[in-house]
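Geometric and topological summary
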Amino acid sequence: MTSSVDSRWNDPVIVLNEANEPIGTCPKPDAHQGAGIRHLAFSCYAFDPDGRLLVTRRAPTKETFPGVITNTCCGHPLPGENLADAVERRLREELGLNVTGLHLALPDFDYVARSNGYVEKEFCPVFVCQVNSDPVLNLAEVEEAWWMPWDDVVALARVESSPLSPWARLQVPLLAGMSPTAW
């Protein structure tokens, strides 16, 4: 996979009401325009057996938050797709990773963030997992990736001018008290 175009930009997203119930779908670009449309997403933090987090830099061709440093993987489930299956699918598509354990860590996370004229208005459950291999990057999705000690990620999220994505800056402190080797 070496395409240089955001391969999932034209997929539909699952539109949610304020109670986080699905009420339909819309094209992903529509969900990210204007005030944004609340929709279902996910984030995942993948750790190695030593408790290091796989940190990624989003591809410069991504429509939203291009080139931003963030957690391991983010995405949207397809209509009818189980959320955990979507996380595993995106880890394979973006990073060539197979999960050895996947756990829902923050079931009720949501946020709004803006970038380059786009808006993320997402209900975004956060998963953690362990992986036992190094990534194989899909350059349409991820420009680079590296392993980082979890304590360093937590410290980076606390820095006011942190280069982390807006969602990672909010998620990491909520995950900080959890032990990555316990997952």
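Looking up the protein chain in an unreviewed UniProt entry gives the name Isopentenyl-diphosphate Delta-isomerase, with the organism given as Paenarthrobacter nicotinovorans. UniProt lists a comment for the protein chain under the heading Catalytic activity (unreviewed entry), and it reads "isopentenyl diphosphate = dimethylallyl diphosphate". Under the UniProt heading Pathway (unreviewed entry), the note attached to the protein chain is "Isoprenoid biosynthesis; dimethylallyl diphosphate biosynthesis; dimethylallyl diphosphate from isopentenyl diphosphate: step 1/1."

Feature annotation in UniProt assigns "active site" (unreviewed entry) to the following positions: Cys74 and Glu122. A compact arrangement is adopted by the annotated residues: their sequence extent is 49 residues, whereas the largest C-alpha distance between any two is 11.3 Å. Here Cys74 is to be found in strand E7 (residues 73-75). What makes Cys74 buried here is its relative accessible area of 16%. Not counting residues within four places of it along the chain, the set of residues in contact with Cys74 comprises Phe42, Ser43, Arg90, Glu94 and Trp167. Mapped onto the elements, Glu122 comes out in strand E10 (residues 118-123). Overall, the relative accessible area of 4% leaves Glu122 in the buried class. Leave out the neighbours within four places in its chain, and Glu122 touches His32, His39, Ala41, His76, Phe109, Asp110 and Tyr111. Within the structure, Glu122 has its side chain in polar contact with the side chain of His39 (distance 3.0 Å).

Calculation rules
- Residues numbered from 1 in each chain as written.
- Predicted model: local features only at pLDDT ≥ 70, side-chain atom pairs only at ≥ 80, totals over all residues.
- Heavy atoms only, no water.
- UniProt positions renumbered as here; feature names shortened; annotations may be inferred.
- Helix = DSSP H or I, 4+ residues; strand = E, 2+ residues; numbered from the N terminus.
- Buried < 20%, exposed > 50% of the residue type's maximum accessible area, 1.4 Å probe, protein only.
- Contact = heavy atoms within 4.5 Å.
- Polar contact = N/O pair within 3.5 Å; in protein donor to acceptor, adjacent residues only side chain to side chain.

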